[in-house]
Amino acid sequence: QVQLVESGGGLVQAGGSLRLSCAASGRTFSSYAMGWFRQAPGKEREFVAAISASGGVTNYANSVKGRFTLFRDNAKNTMYLQMSSLKPEDAAVYYCAARQGLTPYSTVPQYDYWGQGIQVTVSS
């Protein structure tokens, strides 16, 4: 079992930055690929970014490529999503997810564990 806790969300103006963190329990964090997904009201949960278990491979949605950076610190059991140049359409509840395995897939069913989500609001 892996428990995931997100932090760092909040309200930011368009063009601003936020850093989300996802802290994971357990001693095998480095064997899990991790990802971020988001869900806006009335929309399906969508892929944002994912990172391999080692941190050497990342995968981004086209909508955030060049603006978001995903990285992890396996010694701290924590993953980070640095979000810059935020747009109103980035506003959503952001979910951290983990999957047993090395590959950073981009689809919801591939992930085994989920955090409770954290709100990101972007004002225009």
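As the structure is a prediction and not an experimental result, all values here were calculated from the model.

Our focus in this paragraph is unusual backbone geometry. In this model, Asn77 sits at a positive phi of 55°, which is unusual for a non-glycine residue. Examined against the element boundaries, Asn77 turns out to sit in the loop between strand S7 (68–73) and strand S8 (78–83). In this structure, Ser85 is a non-glycine residue whose phi angle is positive, near 50°. Structurally, Ser85 is set in the loop between S8 and strand S9 (92–100). On the basis of relative accessible area, Ser85 is assigned to the partly exposed category, the value being 41%.

As a further point, take the environment of Val122. Its location among the elements puts Val122 in strand S11 (residues 118–123). Sequence spacing of Val122 and Ala92 is 30 residues, and the spatial spacing of their C-alpha atoms is 8.8 Å. In contact with Val122, not counting residues within four places along its chain, are Val12, Gln13, Ala14, Leu86, Lys87, Pro88, Asp90 and Ala91.

Let us look at the nonpolar core. Leu4, Met34, Trp36, Leu81, Met83 and Tyr94 are the most contacted members of the largest nonpolar core, which totals 36 residues. When residues of this core are traced back to their parent elements, those giving at least two are strand S3 (18–24), strand S4 (32–39), strand S5 (46–51), S7, S8, S9 and S11. Residues contacting Leu4, with those up to four places away along its chain left out, are Cys22, Ala23, Ala24, Met34, Cys96, Ala97, Ala98, Tyr113, Trp114, Gly115 and Gln116.

Another aspect to go through is the state of the cysteines. Evaluated as defined, the whole model comprises 1 disulfide. The residue that forms a disulfide with Cys22 is Cys96, at a sulfur-sulfur distance of 1.8 Å. Its torsion about the S-S bond being -65°, the disulfide of Cys22 and Cys96 is classed as left-handed. Of the two residues, Cys22 sits in strand S3 while Cys96 sits in strand S9, which places them 74 residues apart along the sequence.

So, on to the sheet that holds S7. The sheet built from 4 strands is open, its strands ordered S1-S3-S8-S7 with antiparallel pairing. The open sheet has two free edges, formed respectively by strand S1 (4–7) and S7, since each of these has just one partner strand. For this sheet, the mean angle separating the axes of adjacent strands, direction not counted, is 15°. Where S3 meets S8, 6 bridges bridge the pair, whose relative direction is antiparallel. Across the sheet, the residue bridging to Cys22 is Met79, located in S8.

Attention shifts here to the side chain of Asn77. According to the relative accessible area criterion, Asn77 is buried, its value standing at 18%. For Asn77, the residues in contact, after removing those within four places along its chain, are Cys22, Ala23, Ala24, Ser25, Gly26 and Phe29.

Further remarks concern the packing of aromatic side chains. This structure, assessed with the given rule, holds 6 aromatic pairs. Ring geometry for Tyr32 versus Tyr113: centroids 6.1 Å apart, planes at 65°, classification edge-to-face. One end of the pair, Tyr32, is in strand S4; the other, Tyr113, is in strand S10 (residues 113–114), with 81 residues separating them in the sequence. In this pair, the class of Tyr32 matches that of Tyr113, namely buried. Relative to Trp114, the ring of Tyr111 lies with its centre 6.3 Å away and its plane at 65°, an arrangement referred to as edge-to-face. The exposure class assigned to Tyr111 is buried, which follows from its relative accessible area of 5%. When its relative accessible area of 27% is taken as the criterion, Trp114 is described as partly exposed. Every member of this aromatic cluster is reached through a ring pair, and the members are Phe37, Phe47, Tyr111 and Trp114. If you follow Arg19 out to its NZ or CZ, it ends over the ring of Tyr80, 5.8 Å from the centre.

Conventions we followed
Residues numbered from 1 in each chain as written. Predicted model: local features only at pLDDT ≥ 70, side-chain atom pairs only at ≥ 80, totals over all residues. Heavy atoms only, no water. Helix = DSSP H or I, 4+ residues; strand = E, 2+ residues; numbered from the N terminus. Buried < 20%, exposed > 50% of the residue type's maximum accessible area, 1.4 Å probe, protein only. Contact = heavy atoms within 4.5 Å. Core = buried A, V, L, I, M, F, W, Y, C linked by side-chain atoms within 4.5 Å. Disulfide = S-S within 2.5 Å. Pairing = 2+ DSSP bridges. Axes fitted to C-alpha atoms, helices over the stretch in contact; angles between N-to-C directions. Phe/Tyr/Trp six-rings, centres within 6.5 Å; stacked < 30°, edge-to-face > 60°. Lys NZ or Arg CZ within 6 Å of the ring centre and 35° of its normal.

On their own, these measurements won't tell you what the molecule is for.
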